[in-house]
Amino acid sequence: MDIRYEGIFSPTVTPLDEKERVDELGFVNQLNRLIDNGVHGIYLLGSSGEFTTLTNTERERAMDIATKTVAGRVPIVCCVMDTSTQRVIQNIETAQQFNVDAVAATPCYYYPSTDDADIRQFYQAISDSTELPIMIYNIPSTVKTAIKPHVIAQIVDECDNVVGMKDSSGDWINCLNLLSLLGDRDDFSIMIGSHFLIGAAVLFGADGGVISISNVAPKEAVALYAAAKVRDIDEVDRLQRWMMKLSKLYRYGQGVSGMKTCLEIMGVCNAHTTRPLLPLDDKAKEELKHLLAELGLYS
């Protein structure tokens, strides 16, 4: 399949109201803000988008709002992960109704895979179910299954519409192994899911990143990618250090809680999350205000 994804794809948060319904105004604000600041794609309903905790109704509302708002300006990769092959295929069928550009799937969770053959058969089955491009999503911290680089290479050889992956292992050796095995292919994109590794990974040949911190700092995330592409080492170092300071926001609650609170402080959307995630307390909010102000994101 002649598709290649490059650059910064933002795994957007899904703004919600107090009843956990998608906040359309906040979502439109966030999507337009991401695109206006140069992101190269939207990674919809991923971990930052609370896909696994939203109701089916609100997932569909999010897809509807996102596709209408983005309106083809950048590609939308929609996450479809679930607990079984058939449930993932059903999620793909739903996503297709909203004309997303591609889908992304982790291996099935709750019952972790115990054999590489499970993973290969899973991706073959979902590949056979759709003509949409598919991205592999490797995030062993939540799925409890790590996809080995050589297994990913096998999947790519076996499935014509598997066009890329998001690697959220946070493992630099794993990243290097991926680049060694797959980095020279012109039919497969390696996207890094760690803001700590993105600069170095692009310097070593990765195609880009799907980094949650771009929800708060899209312009800087895009600048970091651009600096790495032209091998401006000093600028990569400066922006990487800046990102590491901003990443203190992840110390507050769950990652999505800290990101949404920052966006509320910045006037983008409110900070409501899916329960049982609790809102941050006033002390945490004040500390995040100081962090954002220190980094020039809030005044």
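Up top is the structure.
An account of the accompanying structure is given in this report. (Residues numbered from 1 in each chain as written. Predicted model: local features only at pLDDT ≥ 70, side-chain atom pairs only at ≥ 80, totals over all residues. Heavy atoms only, no water.)

1. Topic: the sheet that holds strand S5 (residues 134-138)
Consideration 1: Spatial ordering of the closed barrel is given by S1-S2-S3-S4-S5-S6-S7-S8, a layout of eight strands whose pairing is parallel.
Consideration 2: Across two bridges, strand S1 (residues 7-10) lies against strand S2 (residues 41-44) in parallel orientation. When the bridges of S2 are listed, Ser10 appears paired with Ile42.
Consideration 3: Packing against the sheet, helix H4 (residues 116-129) makes contact with strand S4 (102-105) and S5, and its axis sits at approximately 150° to S5. (Pairing = 2+ DSSP bridges. Helix = DSSP H or I, 4+ residues; strand = E, 2+ residues; numbered from the N terminus. Contact = heavy atoms within 4.5 Å. Axes fitted to C-alpha atoms, helices over the stretch in contact; angles between N-to-C directions.)

2. Digging into the side chain of Lys260
Consideration 1: Along the chain, Lys260 falls in helix H11 (residues 255-265).
Consideration 2: Once you skip the residues sitting within four places of it in the chain, Lys260 turns out to touch Val13, Thr14, Pro15, Leu16, Glu50, Asn270, Ala271, His272 and Thr273.

3. Describing the packing of aromatic side chains
Consideration 1: Within this structure, the stated rule accounts for five aromatic pairs.
Consideration 2: Here the aromatic rings of Tyr5 and Phe9 are separated by 5.4 Å at their centres, their planes lie at 65°, and the arrangement is edge-to-face.
Consideration 3: With a centroid separation of 5.7 Å and an interplanar angle of 85°, the aromatic rings of Tyr43 and Tyr137 are classed as edge-to-face. Note that Tyr43 is positioned in strand S2 and Tyr137 in strand S5, a separation of 94 residues in sequence.
Consideration 4: For Tyr43, a relative accessible area of 0% corresponds to the buried category.
Consideration 5: Geometry around Phe51 places Arg59 over its ring, the cationic atom sitting 4.0 Å from the centre. (Phe/Tyr/Trp six-rings, centres within 6.5 Å; stacked < 30°, edge-to-face > 60°. Buried < 20%, exposed > 50% of the residue type's maximum accessible area, 1.4 Å probe, protein only. Lys NZ or Arg CZ within 6 Å of the ring centre and 35° of its normal.)

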